[in-house]
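# Overview (structure and organization)
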Amino acid sequence: DKKAVVIGAGIAGIAAAIRLAVKGYNVDVFEANSYPGGKLSEMVIEGYRFDAGPSLFTMPQYVDELFELAGKNPRDYFNYQKLEVVCKYFYPDGTRLCAYDHTERFAREITNATGEPTSTIINYLANSADIYNITNHVFLEQSLHQLKTYLQWGTFKSMLKLPQIDALRSMHNANRKFFKDKRLIQFFDRYATYNGSNPYQAPATLNVIPHLEHHYGAWFPDGGMFSITSSLVQLAKDLGVTFTFNKRVDEIVLINNQAKGVRVNGQDIPSDVVVSNMDVWFTYKKLLSKHVNLHPTGTLEQQRSSSALIFYWGIKRTFSELDLHNIFFSSDNGAEFEHVWKQGTVYHDPTVYINISSKYKSDDAPEGCENWFVMINVPSNDGQDWEQIIKEARANIQSKLSKILGVDISKLIACENILNPISIESKTSSYKGSIYGTSSNSKLAAFLRHSNKSNKVNGLYFCGGSVHPGGGIPLCLLSAKITSELVA
Ligand code: FAD
């Protein structure tokens, strides 16, 4: 039997383990934490359950695909429902918007709130769909680092259409071209944060993201986001994958540029294939520290994505005006991104995202209460004074929400936990606490991301948010797919 070791039980590591097990490999997963999922984990504080990281579930078909590949019925493990209301939006000028899943209804809602013609919204989403259809095959579903990719007819056809994807303009400039109303530019600019980027720099190709949310839909897993992790771990175990928790891999063992296994607690674990789901930066700096000549220095120096500051608040009340996903926009879109990306700090009036899973899963909070996951985008860690930033952000967020919701939020908080760039790095080994690997702020970002297979070490592969095709659950699952296809 061929043996594979996977370093890390993040979502991509688990998916890669499943795919390799289906291929007939004997797979061992080593995870530094006592629990699986990495960023996609959960916590319980004083009767409130919180999903720790991701809260928006898109492209569920990539999860189902793993069960189907293994000859199982996904519904025996995992279920989810489509959201009719994707997200509620609150603007500082009092405008409120409900983003319905139904496209025409959503467009009419925007017209009613802003006066922007319904046809403009429909055209915008059609443009978003066009970008998806041109780019999906080339940029997301296969390796960009294999000649084979470029020799295919499908790739060639897509390449001919590349001028249509608006890669030379920024997202923000493309949105300005579409919309007159500032609230809508802000609305669509925010999608850059779905992969930790800056709409003022990221190529307009990223205007593909609204299509994923509004065409393929937003979903809620019945068991909460963590059930994506737990059901895939169950599937992996059913396929014979072994998980060893509380075991940090210290080194990837190489002989003559061939991966021979890993070293854990001074013990060598031999393997034919090694897949690292650890952030690629730390994979080189920690697990291949003896082999500096093999480090892809340029790739590792790319700008990191943004990070997040999250307050997990148990709230002693329910709010009928809130939904599962809620956005409270900043009063100054430009200043907000300028602070994160140019000044490395946080604007005093940031866009605040609140996720309340107890809206759909009532046992996530005690009766009459809600579990608030309150998040703002912050820069990745460059040694800022996070204690001070957290203190100011907490006060600013509370006063902003109190004003809009008309009640003193600080008095309703029963318990609190915090996640910040430093704890994101220490809990998941993500360099600088960035949550989506490298940023997409450069026009060439897609090509500069690390590949899924080492071109210098045989038998060494990579999956997860820090490598091709990038961060977020769907892309991490695709990275595992590409990785397993590259394993001979
Ligand atoms: P990670 O989750 O980064 O896990 C890597 C694992 O490897 C960890 O468990 C770590 O302990 C382990 N590990 C590292 N080094 C070692 C070692 N040496 N030995 C053993 N184990 C090791 N995505 C979405 O799709 N929707 C969202 O709404 C969304 N929101 C987000 C909000 C937040 C706050 C965060 C943090 C992320 C969010 N994301 C979202 C992004 C998404 O969570 C990530 O892209 C994805 O979960 C990353 O998965 P991964 O496979 O790269 O592994």
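Residues numbered from 1 in each chain as written. Predicted model: local features only at pLDDT ≥ 70, side-chain atom pairs only at ≥ 80, totals over all residues. Heavy atoms only, no water.

### What about the overall build of the protein chain?
Of the regular secondary structure elements, the protein chain holds 17 helices and 20 strands. Taken over C-alpha atoms, the radius of gyration comes to 22 Å for the protein chain, in line with the 23 Å a tight globule of 488 residues would show. Overall, the protein chain is about 65 × 55 × 45 Å in size when its C-alpha atoms are taken along their principal axes. By the burial criterion, 61% of the 488 residues in the protein chain qualify as buried. Partitioning the intrachain contacts of the protein chain with sequence separation of at least 6 by distance along the chain shows that 71% fall at a separation of at least 24. Total accessible area on the protein chain is roughly 19300 Å²; 49% of this is exposed by carbon and sulfur atoms. Positive and negative side-chain charges of the protein chain, numbering 49 and 48 respectively, have mean locations separated by a distance of 5 Å. (Helix = DSSP H or I, 4+ residues; strand = E, 2+ residues; numbered from the N terminus. Rg over C-alpha atoms; globule rule 2.2 N^0.38 Å. Buried < 20%, exposed > 50% of the residue type's maximum accessible area, 1.4 Å probe, protein only. Contact = heavy atoms within 4.5 Å. Areas by Shrake-Rupley, 256 points an atom, 1.4 Å probe, with all protein chains shown as cover. Lys, Arg positive; Asp, Glu negative; His and termini not counted. Charge placed at Lys NZ, Arg CZ, Asp CG, Glu CD.)

### Observations regarding the site of the ligand
In the vicinity of the ligand there are 34 residues, among which Glu 31, Lys 39, Gly 465, Gly 472 and Ile 473 approach most closely. Lys 39 has a polar side-chain atom sitting 2.6 Å from an oxygen atom of the ligand. Between the ligand and Asn 277, the relevant distance is 2.9 Å, taken from an oxygen atom to a side-chain nitrogen or oxygen of the residue. Here the ligand, which alone exposes 1000 Å², has 95% of that area covered by the protein. Breaking the shell around the ligand down by element, the ones donating at least two residues are α1 (11-22), α15 (421-428) and α17 (473-486). (Near = heavy atom within 4 Å. Polar contact = N/O pair within 3.5 Å; in protein donor to acceptor, adjacent residues only side chain to side chain.)

### A few points about the pattern of salt bridges
Applying the stated criterion across every chain, the model contains 21 salt bridges. With a closest N to O distance of 2.8 Å, Asp 382 and Lys 432 form a salt bridge. Here Asp 382, found in the loop between β18 (370-378) and α14 (386-405), pairs with Lys 432, found in the loop between α15 and α16 (445-448); they are 50 residues apart in sequence, far enough to count as distant. If you follow the salt bridges from partner to partner, you end up with Glu 42, Arg 49, Asp 51, Lys 361, Asp 363 and Asp 364 in one network. (Salt bridge = Lys/Arg side-chain N within 4 Å of Asp/Glu carboxyl O.)

### Overview of the pairing of strand β2 (residues 26-30)
A large share of β2 lies buried, amounting to four of its five residues. In this sheet, β2 lies alongside strand β1 (residues 3-7) in parallel orientation, the contact comprising five bridges. Across the sheet, the residue bridging to Val 6 is Val 29, located in β2. Taken together, β1, α1 and β2 constitute a β-α-β crossover, and its handedness is right-handed. (Pairing = 2+ DSSP bridges. Right-handed = clockwise from strand over helix to strand, strands pointing away.)

### Brief notes about unusual backbone geometry
That bond from His 468 to Pro 469 is cis: its omega, -5°, falls within 30 degrees of zero. Mapped onto the elements, Pro 469 comes out in the loop between β20 (460-462) and α17. Phi is positive for Asn 246, close to 55°, though the residue is something other than glycine. Among the secondary structure elements, Asn 246 is positioned in the loop between β10 (242-244) and β11 (249-255). Positive phi outside glycine occurs at Lys 432, with the angle close to 60°.

### Re α17
Over its 14 residues, α17 runs 20 Å from end to end, which matches the ideal 20 Å to within 8%, given 1.5 Å per residue. When we look at burial in α17, the residues that qualify are Ile 473, Pro 474, Leu 475, Cys 476, Leu 477, Leu 478, Ser 479, Ala 480, Ile 482, Thr 483, Ser 484 and Leu 486. (Expected span 1.5 Å × (residues − 1).)

### A closer look at the side chain of Asn 371
In this fold, Asn 371 is placed in strand β18. Polar contacts involving the side chain of Asn 371 include one to the main-chain carbonyl oxygen of Arg 49, which spans 2.6 Å. One polar contact links Asn 371 to Ser 357, side chain to side chain, over a distance of 2.8 Å. Apart from residues no more than four positions distant in its own chain, Asn 371 is found in contact with Tyr 48, Arg 49, Phe 50, Trp 313, Asn 355, Ile 356, Ser 357, Ser 358, Asp 364 and Ala 365.

### Focus on the state of the cysteines
Tallied over the full model, the rule gives zero disulfides. This cysteine, Cys 415, is not joined by any disulfide, and Cys 369 carries the nearest cysteine sulfur, 9.2 Å off. Free of any disulfide, Cys 476 has its nearest neighbouring cysteine sulfur in Cys 463, separated by 8.2 Å. (Disulfide = S-S within 2.5 Å.)

### Some thoughts on the packing of helix α3 (residues 103-114) against helix α4 (residues 118-140)
Following both chains from N to C, one finds α3 and α4 inclined at 130°, their axes separated by 8 Å at the closest point. With respect to α4, the axis of α3 lies oblique. In the crossing of α3 with α4, the sense of the turn from one axis to the other is right-handed. Listed contacts from α4 to Thr 103, Glu 104, Phe 106, Ala 107, Arg 108, Ile 110 and Thr 111 of α3 are Thr 118, Ile 121, Ile 122 and Leu 125. (Axes fitted to C-alpha atoms, helices over the stretch in contact; angles between N-to-C directions. Parallel < 35°, antiparallel > 145°, perpendicular 65-115°, else oblique. Left-handed = near helix turned anticlockwise from the far one by under 90°.)

### Comments concerning α4
Here α4 spans 30 Å end to end across 23 residues, near enough to the 33 Å set by a 1.5 Å rise per residue. Taken as a whole, α4 carries its principal kink of about 40° at Ile 134. (Bend = angle between axes of the 7 residues up to and from the residue.)

### Observations regarding the sheet that holds strand β9 (residues 218-221)
Taken in spatial order, the three strands make up an open sheet running β5-β9-β6, and their pairing is antiparallel. With one partner strand each, in any of the chains shown, β5 (57-58) and β6 (80-82) form the two edges of the open sheet. Across two bridges, β5 lies against β9 in antiparallel orientation. Counted as the bridge partner of Phe 57 is Trp 219 from β9.

### Here's the deal with the domain arrangement of the protein chain
How big an interface is tends to be stated in terms of accessible area lost as the parts join. Splitting the protein chain by domain gives domain 1 (3-81 + 222-300 + 440-486) and domain 2 (303-428). Domain 1 and domain 2 are separated by 28 Å when their C-alpha centres are compared. The interface of domain 1 with domain 2 comprises 25 residues on the first partner and 31 residues on the second. Both faces considered, domain 1 and domain 2 share a buried interface measuring about 2000 Å² in area, 55% of it formed by carbon and sulfur atoms. As a salt-bridge pair, Asp 364 and Arg 49 come within 2.8 Å of each other at their nearest N and O atoms. Linking domain 1 with domain 2 are seven residue pairs in polar contact (both at pLDDT 80 or more). Here the side of domain 1 that touches domain 2 is composed, by residue class, of nine nonpolar, ten polar and six charged. (Domains from an automatic or database assignment. Buried area = accessible area lost by both parts, 1.4 Å probe. Nonpolar A, V, L, I, M, F, W, Y, C, P; charged D, E, K, R; others polar.)

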